[in-house]
Amino acid sequence: MGATPRNPGMTESTPPSVLDRLKGQRVLVTGGAGFVGSNVVARLIELGALVTVLDDFFTGEEQNLPPASEQLRVVRGSVVDESTVIPLVAAADYIIHMAARNIIISMRNPREDFATNIGGTLNILMAARGSNVRRIVYASSASVYGNPRSIPINEEDATNMLSPYAVSKYGGENYCKAFFESYDLPVASVRYSNVYGPLQRPDNPYCGVVARFFAAVMAGEAPLIHGDGEQTRDYTFVDDAVEATLLAAVSARADGQVYNVGTGRETSVNQLVDTIIRITGRDVIPLHIARRDIDNIRRRVLGIEKARRELRWAPDVTLENGLRKTHEWLMRPGGLPRQVRV
Ligand SMILES: NC(=O)c1ccc[n+]([C@@H]2O[C@H](COP(=O)([O-])OP(=O)(O)OC[C@H]3O[C@@H](n4cnc5c(N)ncnc54)[C@H](O)[C@@H]3O)[C@@H](O)[C@H]2O)c1
(Lines give C-alpha, C1' and ligand atoms only; values in the text may rest on other atoms or scores of the structure.)
Protein backbone atom coordinates (compact mmCIF):
# COMPACT_ATOMS: atom_id res chain seq x y z
CA MET A 1 0.00 0.00 0.00
CA GLY A 2 1.00 3.64 -0.28
CA ALA A 3 3.80 4.97 1.89
CA THR A 4 2.00 8.11 2.99
CA PRO A 5 2.87 8.57 6.66
CA ARG A 6 -0.06 8.67 8.98
CA ASN A 7 -0.48 10.80 12.01
CA PRO A 8 -0.54 8.25 14.82
CA GLY A 9 -3.74 8.57 16.82
CA MET A 10 -5.62 9.92 13.85
CA THR A 11 -8.07 7.53 12.24
CA GLU A 12 -9.80 7.73 8.88
CA SER A 13 -13.00 8.73 10.64
CA THR A 14 -11.32 11.73 12.26
CA PRO A 15 -9.40 13.56 9.53
CA PRO A 16 -7.74 16.80 10.60
CA SER A 17 -10.10 19.69 10.19
CA VAL A 18 -9.90 23.44 10.58
CA LEU A 19 -12.84 22.97 12.91
CA ASP A 20 -10.50 21.30 15.40
CA ARG A 21 -9.45 24.78 16.43
CA LEU A 22 -12.83 25.12 18.15
CA LYS A 23 -11.64 22.64 20.78
CA GLY A 24 -11.64 24.30 24.19
CA GLN A 25 -13.18 27.48 22.77
CA ARG A 26 -16.15 29.06 24.51
CA VAL A 27 -19.03 29.18 22.04
CA LEU A 28 -22.34 30.90 22.69
CA VAL A 29 -25.15 29.42 20.60
CA THR A 30 -28.32 31.51 20.70
CA GLY A 31 -31.37 29.48 19.73
CA GLY A 32 -29.28 26.41 20.52
CA ALA A 33 -32.30 24.32 21.53
CA GLY A 34 -33.92 24.75 18.13
CA PHE A 35 -33.59 22.46 15.15
CA VAL A 36 -30.43 23.78 13.48
CA GLY A 37 -29.04 25.16 16.75
CA SER A 38 -29.15 21.82 18.54
CA ASN A 39 -27.34 20.16 15.65
CA VAL A 40 -24.69 22.90 15.90
CA VAL A 41 -24.43 22.27 19.64
CA ALA A 42 -23.98 18.51 19.16
CA ARG A 43 -21.21 19.08 16.61
CA LEU A 44 -19.47 21.65 18.83
CA ILE A 45 -19.49 19.23 21.74
CA GLU A 46 -18.02 16.56 19.47
CA LEU A 47 -15.29 19.05 18.53
CA GLY A 48 -14.47 19.67 22.19
CA ALA A 49 -15.87 23.21 22.47
CA LEU A 50 -17.34 24.65 25.67
CA VAL A 51 -20.88 25.54 24.74
CA THR A 52 -23.40 27.92 26.28
CA VAL A 53 -26.91 27.80 24.88
CA LEU A 54 -29.17 30.85 25.23
CA ASP A 55 -32.74 29.95 24.35
CA ASP A 56 -36.19 31.04 25.48
CA PHE A 57 -37.61 27.65 24.38
CA PHE A 58 -40.25 29.33 22.26
CA THR A 59 -39.81 26.69 19.54
CA GLY A 60 -36.71 25.04 20.99
CA GLU A 61 -36.94 21.92 23.15
CA GLU A 62 -34.89 20.52 26.01
CA GLN A 63 -34.97 17.07 24.44
CA ASN A 64 -33.01 18.41 21.44
CA LEU A 65 -29.99 19.12 23.60
CA PRO A 66 -27.22 16.66 24.52
CA PRO A 67 -27.12 15.67 28.20
CA ALA A 68 -25.80 18.31 30.60
CA SER A 69 -22.03 18.11 30.99
CA GLU A 70 -18.98 20.22 31.74
CA GLN A 71 -19.06 21.16 28.07
CA LEU A 72 -22.67 22.37 28.01
CA ARG A 73 -24.42 25.11 29.93
CA VAL A 74 -28.01 26.05 29.14
CA VAL A 75 -29.41 29.49 29.93
CA ARG A 76 -33.16 29.92 29.64
CA GLY A 77 -33.63 33.50 28.55
CA SER A 78 -34.25 35.82 25.64
CA VAL A 79 -31.89 37.58 23.26
CA VAL A 80 -34.24 40.52 23.66
CA ASP A 81 -33.14 40.87 27.28
CA GLU A 82 -29.96 42.95 27.30
CA SER A 83 -29.02 42.10 30.87
CA THR A 84 -29.00 38.39 29.98
CA VAL A 85 -27.11 38.88 26.74
CA ILE A 86 -24.25 41.11 27.94
CA PRO A 87 -22.47 38.70 30.34
CA LEU A 88 -22.95 35.72 28.01
CA VAL A 89 -21.43 37.58 25.08
CA ALA A 90 -18.57 38.84 27.26
CA ALA A 91 -17.67 35.24 28.12
CA ALA A 92 -17.71 33.94 24.52
CA ASP A 93 -14.87 33.37 22.03
CA TYR A 94 -17.37 32.64 19.25
CA ILE A 95 -21.08 33.31 18.85
CA ILE A 96 -23.41 31.35 16.60
CA HIS A 97 -26.54 33.51 16.53
CA MET A 98 -29.53 31.37 15.59
CA ALA A 99 -32.27 32.67 17.89
CA ALA A 100 -35.22 33.84 15.81
CA ARG A 101 -38.97 33.78 15.52
CA ASN A 102 -39.69 31.73 12.42
CA ILE A 103 -41.69 32.57 9.31
CA ILE A 104 -45.01 31.19 10.57
CA ILE A 105 -44.87 33.19 13.81
CA SER A 106 -43.61 36.18 11.90
CA MET A 107 -46.53 36.06 9.50
CA ARG A 108 -48.96 36.09 12.44
CA ASN A 109 -47.14 38.68 14.48
CA PRO A 110 -44.54 40.77 12.65
CA ARG A 111 -43.96 42.87 15.77
CA GLU A 112 -42.78 39.86 17.78
CA ASP A 113 -40.58 38.85 14.86
CA PHE A 114 -39.15 42.38 14.72
CA ALA A 115 -38.36 42.40 18.45
CA THR A 116 -36.43 39.12 18.35
CA ASN A 117 -34.97 38.93 14.87
CA ILE A 118 -33.85 42.54 14.63
CA GLY A 119 -33.86 43.71 18.28
CA GLY A 120 -32.25 40.51 19.58
CA THR A 121 -29.57 40.63 16.89
CA LEU A 122 -28.81 44.25 17.71
CA ASN A 123 -28.43 43.28 21.38
CA ILE A 124 -25.89 40.59 20.49
CA LEU A 125 -23.92 42.97 18.26
CA MET A 126 -23.96 45.83 20.78
CA ALA A 127 -22.74 43.51 23.52
CA ALA A 128 -20.05 42.06 21.24
CA ARG A 129 -18.69 45.46 20.23
CA GLY A 130 -16.57 45.89 23.33
CA SER A 131 -15.78 42.20 23.78
CA ASN A 132 -13.00 39.87 22.63
CA VAL A 133 -15.27 37.70 20.50
CA ARG A 134 -13.37 36.18 17.57
CA ARG A 135 -16.31 35.72 15.22
CA ILE A 136 -20.09 35.96 15.23
CA VAL A 137 -21.96 33.88 12.69
CA TYR A 138 -25.46 35.09 11.93
CA ALA A 139 -28.06 32.62 10.63
CA SER A 140 -29.76 34.42 7.77
CA SER A 141 -32.15 33.03 5.21
CA ALA A 142 -32.53 32.51 1.47
CA SER A 143 -35.95 34.13 1.89
CA VAL A 144 -34.16 37.49 1.48
CA TYR A 145 -34.01 36.81 -2.28
CA GLY A 146 -37.79 36.61 -2.72
CA ASN A 147 -38.67 35.53 -6.26
CA PRO A 148 -35.29 35.70 -8.00
CA ARG A 149 -34.86 37.02 -11.54
CA SER A 150 -32.54 34.16 -12.41
CA ILE A 151 -31.33 30.95 -10.82
CA PRO A 152 -29.16 29.73 -9.26
CA ILE A 153 -29.18 32.74 -6.95
CA ASN A 154 -25.81 34.17 -6.00
CA GLU A 155 -24.99 36.31 -2.98
CA GLU A 156 -24.66 39.54 -4.96
CA ASP A 157 -28.02 39.07 -6.72
CA ALA A 158 -30.89 41.41 -5.91
CA THR A 159 -32.74 40.89 -2.66
CA ASN A 160 -36.50 41.22 -2.57
CA MET A 161 -38.48 41.12 0.68
CA LEU A 162 -41.79 39.30 0.24
CA SER A 163 -42.52 38.63 3.92
CA PRO A 164 -41.99 40.35 7.27
CA TYR A 165 -39.71 37.41 8.13
CA ALA A 166 -37.49 38.17 5.13
CA VAL A 167 -37.35 41.81 6.25
CA SER A 168 -36.29 40.90 9.77
CA LYS A 169 -33.71 38.30 8.74
CA TYR A 170 -32.26 40.76 6.25
CA GLY A 171 -32.41 43.52 8.87
CA GLY A 172 -30.31 41.40 11.23
CA GLU A 173 -27.91 40.59 8.43
CA ASN A 174 -27.55 44.25 7.51
CA TYR A 175 -26.84 45.16 11.11
CA CYS A 176 -24.08 42.52 11.09
CA LYS A 177 -22.60 44.02 7.95
CA ALA A 178 -22.86 47.54 9.37
CA PHE A 179 -21.16 46.53 12.62
CA PHE A 180 -18.33 44.99 10.61
CA GLU A 181 -17.95 48.13 8.48
CA SER A 182 -18.39 50.63 11.30
CA TYR A 183 -16.74 48.91 14.25
CA ASP A 184 -14.62 46.12 12.71
CA LEU A 185 -16.76 43.56 14.48
CA PRO A 186 -15.80 40.12 13.14
CA VAL A 187 -19.10 38.83 11.83
CA ALA A 188 -20.20 36.59 8.95
CA SER A 189 -23.67 35.61 7.74
CA VAL A 190 -24.91 32.35 6.28
CA ARG A 191 -28.09 32.29 4.22
CA TYR A 192 -29.68 28.88 4.72
CA SER A 193 -32.10 27.33 2.31
CA ASN A 194 -34.73 24.87 3.61
CA VAL A 195 -32.69 22.95 6.13
CA TYR A 196 -34.01 19.49 7.08
CA GLY A 197 -32.86 16.44 9.01
CA PRO A 198 -32.71 14.87 12.48
CA LEU A 199 -34.03 16.94 15.40
CA GLN A 200 -36.56 18.70 13.18
CA ARG A 201 -39.50 17.50 15.20
CA PRO A 202 -42.75 16.97 13.32
CA ASP A 203 -44.81 17.56 16.47
CA ASN A 204 -43.46 21.10 16.58
CA PRO A 205 -46.20 23.08 14.80
CA TYR A 206 -43.57 25.42 13.38
CA CYS A 207 -41.34 22.76 11.84
CA GLY A 208 -40.40 22.70 8.17
CA VAL A 209 -42.09 20.86 5.33
CA VAL A 210 -39.82 17.83 5.23
CA ALA A 211 -40.66 16.78 8.79
CA ARG A 212 -44.34 17.47 8.20
CA PHE A 213 -44.42 15.40 5.02
CA PHE A 214 -42.64 12.51 6.73
CA ALA A 215 -45.06 12.61 9.66
CA ALA A 216 -48.09 12.45 7.37
CA VAL A 217 -46.72 9.74 5.09
CA MET A 218 -45.45 7.59 7.98
CA ALA A 219 -48.90 7.84 9.56
CA GLY A 220 -50.39 6.57 6.27
CA GLU A 221 -52.06 9.93 5.63
CA ALA A 222 -52.03 12.03 2.48
CA PRO A 223 -49.31 14.71 2.62
CA LEU A 224 -50.92 18.11 2.03
CA ILE A 225 -49.21 20.09 -0.72
CA HIS A 226 -50.01 23.79 -0.92
CA GLY A 227 -50.65 24.79 -4.53
CA ASP A 228 -49.63 22.71 -7.55
CA GLY A 229 -46.41 21.43 -5.95
CA GLU A 230 -44.27 22.67 -8.83
CA GLN A 231 -42.71 25.37 -6.62
CA THR A 232 -39.05 24.52 -6.12
CA ARG A 233 -36.62 24.83 -3.24
CA ASP A 234 -33.04 23.95 -2.42
CA TYR A 235 -33.23 21.40 0.42
CA THR A 236 -30.13 21.35 2.62
CA PHE A 237 -29.27 18.50 4.96
CA VAL A 238 -28.66 19.82 8.46
CA ASP A 239 -25.14 18.34 8.85
CA ASP A 240 -24.07 20.27 5.77
CA ALA A 241 -25.60 23.48 7.11
CA VAL A 242 -23.85 22.96 10.45
CA GLU A 243 -20.47 22.40 8.78
CA ALA A 244 -20.85 25.56 6.67
CA THR A 245 -21.82 27.54 9.76
CA LEU A 246 -18.79 26.41 11.76
CA LEU A 247 -16.46 26.96 8.82
CA ALA A 248 -17.82 30.51 8.62
CA ALA A 249 -16.87 30.84 12.30
CA VAL A 250 -13.23 29.85 11.83
CA SER A 251 -12.39 30.80 8.26
CA ALA A 252 -9.94 33.70 7.97
CA ARG A 253 -11.78 35.17 4.97
CA ALA A 254 -15.30 35.25 6.37
CA ASP A 255 -15.30 38.61 8.17
CA GLY A 256 -18.01 40.88 6.78
CA GLN A 257 -19.06 38.19 4.27
CA VAL A 258 -22.37 36.56 3.40
CA TYR A 259 -22.52 32.94 2.21
CA ASN A 260 -25.30 30.97 0.57
CA VAL A 261 -25.76 27.58 2.19
CA GLY A 262 -27.69 25.20 -0.03
CA THR A 263 -26.90 22.43 -2.47
CA GLY A 264 -27.17 24.06 -5.89
CA ARG A 265 -29.93 21.54 -6.72
CA GLU A 266 -33.49 22.54 -7.40
CA THR A 267 -36.26 20.19 -6.23
CA SER A 268 -40.00 20.64 -6.61
CA VAL A 269 -42.30 19.92 -3.70
CA ASN A 270 -43.87 17.16 -5.81
CA GLN A 271 -40.45 15.52 -6.29
CA LEU A 272 -39.72 15.87 -2.58
CA VAL A 273 -42.98 14.22 -1.58
CA ASP A 274 -42.57 11.42 -4.15
CA THR A 275 -39.11 10.66 -2.74
CA ILE A 276 -40.41 10.62 0.83
CA ILE A 277 -43.24 8.28 -0.17
CA ARG A 278 -40.78 5.95 -1.93
CA ILE A 279 -38.34 5.93 1.01
CA THR A 280 -41.04 5.18 3.57
CA GLY A 281 -42.63 2.55 1.30
CA ARG A 282 -46.10 3.84 2.18
CA ASP A 283 -49.01 3.73 -0.18
CA VAL A 284 -50.37 7.28 -0.01
CA ILE A 285 -51.35 9.88 -2.58
CA PRO A 286 -50.59 13.57 -1.93
CA LEU A 287 -53.48 15.99 -1.66
CA HIS A 288 -53.17 19.44 -3.22
CA ILE A 289 -54.75 22.24 -1.21
CA ALA A 290 -54.88 26.05 -1.46
CA ARG A 291 -51.65 27.98 -1.56
CA ARG A 292 -50.76 29.95 1.62
CA ASP A 293 -49.55 33.51 1.76
CA ILE A 294 -46.10 32.29 2.86
CA ASP A 295 -45.82 30.21 -0.33
CA ASN A 296 -45.32 33.15 -2.64
CA ILE A 297 -41.88 32.12 -3.87
CA ARG A 298 -42.00 30.02 -7.03
CA ARG A 299 -38.43 28.88 -7.60
CA ARG A 300 -35.36 28.82 -5.42
CA VAL A 301 -31.96 27.25 -5.78
CA LEU A 302 -28.76 28.73 -4.44
CA GLY A 303 -25.39 29.16 -6.08
CA ILE A 304 -22.81 27.94 -3.56
CA GLU A 305 -19.54 28.71 -5.33
CA LYS A 306 -18.57 31.43 -2.87
CA ALA A 307 -18.78 29.09 0.12
CA ARG A 308 -16.94 26.39 -1.84
CA ARG A 309 -14.16 28.80 -2.68
CA GLU A 310 -13.79 30.82 0.50
CA LEU A 311 -14.91 28.41 3.22
CA ARG A 312 -13.71 25.28 1.40
CA TRP A 313 -17.11 23.84 2.11
CA ALA A 314 -19.23 21.60 -0.06
CA PRO A 315 -22.50 19.87 0.73
CA ASP A 316 -21.83 16.22 1.31
CA VAL A 317 -25.29 14.70 1.53
CA THR A 318 -27.60 14.15 -1.45
CA LEU A 319 -31.33 14.70 -1.01
CA GLU A 320 -31.94 10.96 -1.27
CA ASN A 321 -29.39 10.18 1.45
CA GLY A 322 -30.46 13.08 3.63
CA LEU A 323 -34.09 11.97 3.47
CA ARG A 324 -33.04 8.39 4.29
CA LYS A 325 -31.10 9.62 7.34
CA THR A 326 -34.10 11.71 8.37
CA HIS A 327 -36.37 8.70 7.99
CA GLU A 328 -34.00 6.56 10.09
CA TRP A 329 -34.03 9.21 12.81
CA LEU A 330 -37.82 9.40 12.80
CA MET A 331 -38.01 5.59 13.00
CA ARG A 332 -35.98 5.52 16.23
CA PRO A 333 -37.96 4.99 19.44
CA GLY A 334 -39.44 8.39 20.29
CA GLY A 335 -38.50 9.78 16.87
CA LEU A 336 -42.03 10.08 15.60
CA PRO A 337 -44.50 11.16 18.26
CA ARG A 338 -47.92 9.44 18.29
CA GLN A 339 -49.87 12.64 18.08
CA VAL A 340 -48.55 14.74 15.27
CA ARG A 341 -50.20 17.85 13.95
CA VAL A 342 -49.76 17.88 10.21
N1 LIG B 1 -34.53 25.71 9.18
C2 LIG B 1 -34.41 26.38 8.05
O3 LIG B 1 -34.71 25.87 6.98
C4 LIG B 1 -33.88 27.80 8.04
C5 LIG B 1 -33.81 28.46 6.83
C6 LIG B 1 -33.33 29.77 6.80
C7 LIG B 1 -32.91 30.37 7.96
N8 LIG B 1 -33.02 29.71 9.15
C9 LIG B 1 -32.57 30.41 10.36
O10 LIG B 1 -31.79 29.52 11.12
C11 LIG B 1 -32.01 29.74 12.51
C12 LIG B 1 -32.44 28.44 13.17
O13 LIG B 1 -33.65 28.00 12.57
P14 LIG B 1 -34.37 26.66 13.02
O15 LIG B 1 -34.98 26.06 11.83
O16 LIG B 1 -33.47 25.87 13.86
O17 LIG B 1 -35.57 27.27 13.88
P18 LIG B 1 -36.05 26.90 15.35
O19 LIG B 1 -37.32 27.64 15.55
O20 LIG B 1 -36.04 25.42 15.54
O21 LIG B 1 -34.88 27.52 16.23
C22 LIG B 1 -34.90 28.84 16.70
C23 LIG B 1 -34.52 28.79 18.16
O24 LIG B 1 -34.48 30.13 18.66
C25 LIG B 1 -35.14 30.16 19.91
N26 LIG B 1 -35.63 31.51 20.13
C27 LIG B 1 -36.64 32.16 19.48
N28 LIG B 1 -36.79 33.40 19.98
C29 LIG B 1 -35.83 33.54 20.95
C30 LIG B 1 -35.47 34.60 21.82
N31 LIG B 1 -36.14 35.77 21.81
N32 LIG B 1 -34.44 34.40 22.66
C33 LIG B 1 -33.76 33.22 22.70
N34 LIG B 1 -34.07 32.18 21.91
C35 LIG B 1 -35.10 32.35 21.04
C36 LIG B 1 -36.25 29.13 19.78
O37 LIG B 1 -36.78 28.69 21.01
C38 LIG B 1 -35.53 28.03 19.02
O39 LIG B 1 -34.85 27.17 19.90
C40 LIG B 1 -33.02 30.85 12.61
O41 LIG B 1 -32.34 32.07 12.77
C42 LIG B 1 -33.72 30.83 11.26
O43 LIG B 1 -34.23 32.10 10.91
C44 LIG B 1 -33.50 28.43 9.22
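Residues numbered from 1 in each chain as written. Predicted model: local features only at pLDDT ≥ 70, side-chain atom pairs only at ≥ 80, totals over all residues.

Kindly report on the site of the ligand, identifying the contributing residues and their values.
Inspection of the region around the ligand gives 32 residues, with Gly31, Gly34, Thr59, Gly60 and Ala100 positioned closest. When residues in the shell around the ligand are grouped by element, the largest group, 3 residues, is from helix α1 (residues 35-46). When its residues are assigned to classes, the shell around the ligand shows 15 nonpolar, 13 polar and 4 charged. (Near = placed C-beta within 6 Å. Helix = DSSP H or I, 4+ residues; strand = E, 2+ residues; numbered from the N terminus. Nonpolar A, V, L, I, M, F, W, Y, C, P; charged D, E, K, R; others polar.)

Account for helix α8 (residues 269-280), with residues named and values stated.
Counted at 1.5 Å a residue, the expected span for α8 with its 12 residues is 16 Å, and the 16 Å between its end C-alpha atoms agrees. Among the residues making up α8, those that are buried are Val269, Leu272, Val273 and Ile276. Along the long axis of α8, the arc covered by the buried residues comes to 95 degrees, so they all point the same way. Its buried side turned inward, α8 meets α6 (209-218), β8 (224-226), β12 (267-268) and α10 (319-331). Immediately beyond the C-terminal end of α8, within one or two residues, lies Gly281, with a positive phi of roughly 70 degrees. (Expected span 1.5 Å × (residues − 1). Buried ≥ 20, exposed ≤ 12 C-beta atoms within 10 Å, placed from the backbone. Arc of directions from axis to C-beta. Contact = placed C-beta atoms within 7 Å.)

Go over the nonpolar core with me, naming the residues and quoting the values.
One finds Val27, Val89, Ile95, Ala244 and Ala248 to be the most contacted residues of the largest nonpolar core, which totals 94 residues. Of the residues forming this core, the biggest block, 9 residues, is contributed by α6. (Core = buried A, V, L, I, M, F, W, Y, C linked by C-beta atoms within 7 Å.)

Outline the environment of Asn154, listing residues and values.
Its location among the elements puts Asn154 in the loop between β5 (135-141) and α5 (164-183). Here the alpha-carbon distance between Asn154 and Ile304, two residues 150 residues apart in the chain, equals 7.3 Å.

Which residues make up the environment of Ile289, and what are the values?
Tracing the backbone through its elements, the reader meets Ile289 in strand β13 (residues 287-289). With 11 C-beta atoms counted inside 10 Å, the residue Ile289 sits in the exposed group. Residues Ile289 and Leu224, spaced 65 residues apart in sequence, show a C-alpha to C-alpha distance of 6.5 Å. Beyond its immediate stretch of four places on either side in the chain, Ile289 contacts Leu224 and His226.

Give a description of the environment of Thr116 that names residues and reports values.
With respect to the secondary-structure elements, Thr116 resides in helix α4 (residues 110-129). Remark: the alpha-carbon pair of Thr116 and Val217, spanning 101 residues in sequence, is separated by 34 Å. Discounting chain neighbours no more than four positions away, the residues touching Thr116 are Val79, Val80, Ala99, Ala100 and Arg101.

So what's going on with the pairing of β5? Which residues, and what values?
Extensive coverage of β5 is indicated by the burial of 7 of its 7 residues. Burial along β5 is two-sided: the face carrying Arg135, Val137, Ala139 and Ser141 and the face carrying Ile136, Tyr138 and Ser140 are both buried. Of the strand pairs in this sheet, strand β4 (residues 94-97) and β5 are connected by 4 bridges, and their pairing is parallel. Bridge pairing in β5 links Tyr94 to Arg135. With respect to chirality, the unit in which β5 leads through α5 into the neighbouring parallel strand β6 (residues 187-192) is right-handed. (Pairing = 2+ DSSP bridges. Right-handed = clockwise from strand over helix to strand, strands pointing away.)

Give a description of the sheet that holds β5 that names residues and reports values.
With parallel pairing, the 7 strands of this open sheet are ordered in space as β3-β2-β1-β4-β5-β6-β11. Since the sheet does not close on itself, it has two edges, and those belong to β3 (72-76) and β11 (258-261), each with one partner. For this sheet, the mean inter-axis angle between neighbouring strands, taken without regard to orientation, is 20 degrees. In terms of strand pairing, strand β1 (residues 26-30) meets strand β2 (residues 50-55) through 5 bridges, oriented parallel. For Val27, the partnering residue across the bridge sits in β2 and is Val51. (Axes fitted to C-alpha atoms, helices over the stretch in contact; angles between N-to-C directions.)

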